[in-house]
Amino acid sequence: MAIYFHWDQATDDLWRAAFHHAGAGSDLRLEGKLGDPDDIEFAVVWAPPKGRLGGFRNLKYIFSIGAGVTHITLDPDAPLHVPIVRLQDDMLVLDMSCHVIHWVLHFHRYYNRYRLYEAERKWLRHRYPENGERRVAVLGLGQTGFDVCRRLRELDFDVTGWSRSAKNIEGVTCLHGEETLPQVLGRADILVNLLPLTPDTTDLINVKTIGEMPDGAFIINCSRGGTIIDADLLAALDSGKIEAAALDVFREEPLPQNDPYWNHPKVSITPHAAAPSNEKSAARFIAGHIRRVLDGGKPWPIVDLERGY
Ligand code: NDP
Ligand code: OXD
């Protein structure tokens, strides 16, 4: 049994040790040293080369080194009959909450304006609403969205969450289903996007849905770039409908050099860095689940490809 491993930011030894420690084998096959592809039963990957996974005939499970799986599923040659297990990890959840809270506070207190004033040496202070009067809407109430809502409530914000199925989070107005989206957006002084990219969420943030948000709202996107129609967001930023945006994910990554977001004064860019998978905890999680399979069990959570996440 061998494990195909691909993550360009990885320390192979750390992963090898984690697999060995969990009794999950230590025969790691890396790019350029694949050996016999028929030995490979597990793939542990972030953004493998296109077509690569389709070449492993005996693959039992694909483990995503990330909460999202589009880096696997968007490959037209991906072997989608093989179950994909995604990362569920408290470290990633905490990192995401820290990233989102950073930007919520930044926008809530209008630090985006002060950032621009610095260049002009302008000393101008803005009043901001009490936290309880600032409405934050969180799209997606899965492992990350749930924790973000909980922590924003602890900071006293007026939080609305949105998901596909009904949820209950103490102190948070939880709405679900497509028909409630306008209501959610109407309460989004600050919109936080933590949805997976699926056929239903592709292009979800567009001229119409932006129009349903309050004037001068803010957008924080940590989901996937494909959930936003970029031209519509840029137009809304230019008109002032959206005051500013913090974008962590893009349709094309790395963001091309000539992309208009780079120089836009109202856009803050982070390089898909909101919640990078923590090597140690991700390796522990995945190694434990491979061990579980070797013992005859099933890993989790398995992605439901029909639902798209
Ligand atoms: P989960 O799968 O745990 O949660 C997804 C949530 O989105 C669920 O609450 C789900 O609803 C909801 N949802 C899905 N489709 C719809 C829809 N059509 N309408 C309404 N709600 C919907 O995902 P995670 O919290 O783990 O991660 C979310 C996404 O964030 C990932 O898919 C990834 O793209 C991105 N991500 C980005 C990172 C970064 O560093 N930028 C790091 C980690 C994740 P329900 O609960 O009813 O099923
Ligand atoms: C992601 C991740 O899915 O980094 O983006 O986990």
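Everything quoted here is computed from the prediction, not taken from an experiment.

Cut-off values and rules
Residues numbered from 1 in each chain as written. Chains lettered and ligands numbered in written order. Predicted model: local features only at pLDDT ≥ 70, side-chain atom pairs only at ≥ 80, totals over all residues. Heavy atoms only, no water. Near = heavy atom within 4 Å. Polar contact = N/O pair within 3.5 Å; in protein donor to acceptor, adjacent residues only side chain to side chain. Areas by Shrake-Rupley, 256 points an atom, 1.4 Å probe, with all protein chains shown as cover. Pairing = 2+ DSSP bridges. Helix = DSSP H or I, 4+ residues; strand = E, 2+ residues; numbered from the N terminus. Axes fitted to C-alpha atoms, helices over the stretch in contact; angles between N-to-C directions. Contact = heavy atoms within 4.5 Å. Nonpolar A, V, L, I, M, F, W, Y, C, P; charged D, E, K, R; others polar. Domains from an automatic or database assignment. Buried < 20%, exposed > 50% of the residue type's maximum accessible area, 1.4 Å probe, protein only. Buried area = accessible area lost by both parts, 1.4 Å probe. Salt bridge = Lys/Arg side-chain N within 4 Å of Asp/Glu carboxyl O. Arc of directions from axis to C-beta.

Draft legend 1. Region of interest: the site of ligand 2. Taken together, Trp 46, Gly 66, Ala 67, Gly 68, Leu 92, Arg 224, His 272 and Ala 275 form the complete shell of residues around ligand 2. A distance of 2.7 Å separates an oxygen atom of ligand 2 from a polar atom in the backbone of Gly 68. With respect to ligand 2, the side chain of Arg 224 contributes an N or O atom lying 2.8 Å from an oxygen atom. For ligand 2, whose accessible area on its own is 210 Å², the fraction buried by protein is 88%.

Draft legend 2. Geometry of the sheet that holds strand β12 (residues 267-269). If you walk across this open sheet you meet the 7 strands as β8-β7-β6-β9-β10-β11-β12, and the pairing is parallel. Edge strands, defined here as strands with exactly one partner in the open sheet, are β8 (173-176) and β12. For this sheet, the mean angle separating the axes of adjacent strands, direction not counted, is 15 degrees. Relative to β8, strand β7 (residues 158-163) is paired through 4 bridges, and the arrangement is parallel. Residue Trp 162 lies in a different strand from β8, and its bridge partner there is Leu 175. Its contacts with the sheet place helix α5 (residues 143-154) against β6 (135-139) and β7, and it is angled at close to 165 degrees to β6. Running at roughly 135 degrees to strand β11 (residues 242-247), helix α8 (residues 230-239) makes contact with β10 (217-221), β11 and β12 of the sheet.

Draft legend 3. The site of ligand 1, seen in detail. Near ligand 1 there are 30 residues, and of these Arg 86, Thr 144, Ser 165, Lys 167 and Tyr 309 occur at the shortest range. Within the contact set of ligand 1, an oxygen atom lies 3.0 Å away from a backbone nitrogen or oxygen of Gly 142. Thr 144 places a polar side-chain atom, nitrogen or oxygen, 2.6 Å from an oxygen atom of ligand 1. Alone, ligand 1 offers 930 Å² of accessible surface; in the complex the protein occludes 92% of this. For the shell around ligand 1, the elements supplying multiple residues, two or more each, are α3 (90-108), α5 and β7. For the shell around ligand 1, a count of residues per class yields 13 nonpolar, 10 polar and 7 charged. Here the shell around ligand 1 spans two domains, since at least three of its residues come from each of domain 1 (2-89 + 278-294) and domain 2 (93-269).

Draft legend 4. Quick peek at unusual backbone geometry. In this chain, Glu 253 is followed by Pro 254 through a cis amide linkage whose omega measures -5 degrees. Mapping Pro 254 onto the fold places it in the loop between β11 and β12. Of note, the bond from Trp 300 into Pro 301 is cis; its omega dihedral lies within 30 degrees of zero at -10 degrees. Mapped onto the elements of the fold, Pro 301 is located in the segment after α9 (279-294). Positive phi, close to 55 degrees, is recorded for Arg 121, a residue that is not glycine. Relative to the assigned elements, Arg 121 resides in the loop between α4 (111-120) and β6. According to the relative accessible area criterion, Arg 121 is exposed, its value standing at 79%. A positive phi angle, near 85 degrees, is found at Asp 156, a position not held by glycine. Its location among the elements puts Asp 156 in the loop between α5 and β7.

Draft legend 5. Examining the domain arrangement of the chain more closely. Here the chain is partitioned into domain 1 (2-89 + 278-294) and domain 2 (93-269). Each of domain 1 and domain 2 was reduced to a C-alpha centroid, and the two centroids are 32 Å apart. Taken together, the contact pairs 9 residues of domain 1 with 4 residues of domain 2. For the pair domain 1 and domain 2, the summed buried surface comes to about 470 Å²; carbon and sulfur atoms form 40% of the total. Across the domain 1-domain 2 interface, the total number found is 0 salt bridges. Between domain 1 and domain 2 we count 4 residue pairs in polar contact (both at pLDDT 80 or more) in total. Residues of the side of domain 1 that touches domain 2, tallied by class, amount to 4 nonpolar, 3 polar and 2 charged.

Draft legend 6. Examining the pairing of strand β3 (residues 40-45) more closely. Of all 6 residues in β3, 6 are buried; the element is thus mostly enclosed. Here strand β1 (residues 2-6) pairs with β3 via 5 bridges, running parallel. Bridged to Ala 2 within β3 is Ile 40. Here β3 pairs with strand β4 (residues 61-64) via 4 bridges, running parallel. Across the sheet, Val 45 pairs through a bridge with Ser 64, a residue of β4.

Draft legend 7. Structural detail: helix α1 (residues 12-21). Those residues of α1 lying buried are Trp 15, Ala 18 and Phe 19. Angular distribution of buried residues about the axis of α1 spans 95 degrees; they occupy a single face of the element. Those residues of α1 that are exposed and angled more than 90 degrees off the buried face are Asp 13, His 20 and His 21. The inward-facing, buried residues of α1 abut β1, β2 (28-29), β3 and α9.

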